[in-house]
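Examining the three-dimensional arrangement
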Amino acid sequence: FHPSHPQYQSHHVKLVDESEPYVPNFISGSMPRRDTGNREQYCLTMLTLFKPWRSGKDLRPDYD
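The present account deals with the structure reproduced in this document. (Residues numbered from 1 in each chain as written. Predicted model: local features only at pLDDT ≥ 70, side-chain atom pairs only at ≥ 80, totals over all residues. Heavy atoms only, no water.)

Observations regarding the overall build of the chain
The helix and strand tally for the chain stands at 2 helices and 0 strands. Its C-alpha radius of gyration of 15 Å places the chain more than 25% over the 11 Å reference for a compact globule of 64 residues. C-alpha extents for the chain along the principal axes are approximately 40 × 40 × 25 Å. When the 64 residues of the chain are sorted by exposure, 5% land in the buried category. Roughly 6600 Å² of accessible area belongs to the chain as shown, and the carbon and sulfur atoms make up 54% of that amount. Of the side chains in the chain, 8 bear a positive and 8 a negative charge, and the two mean positions are spaced by 3 Å. (Helix = DSSP H or I, 4+ residues; strand = E, 2+ residues; numbered from the N terminus. Rg over C-alpha atoms; globule rule 2.2 N^0.38 Å. Buried < 20%, exposed > 50% of the residue type's maximum accessible area, 1.4 Å probe, protein only. Areas by Shrake-Rupley, 256 points an atom, 1.4 Å probe, with all protein chains shown as cover. Lys, Arg positive; Asp, Glu negative; His and termini not counted. Charge placed at Lys NZ, Arg CZ, Asp CG, Glu CD.)

If you want it as structure tokens, here you go:
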């Protein structure tokens, strides 16, 4: 977290070495699927999980 973030002192992110196999286990409901369902929800979920971001503008810049 950024030093100004309220959870900076109590939380951390661990980068796993690419040589160590790792499969994330999502505990909540099922993940959106690419081939069925709401495409916008699928794209939003994939951006949130796999693209580094600090604010929503990092994921989708403003368009005029």
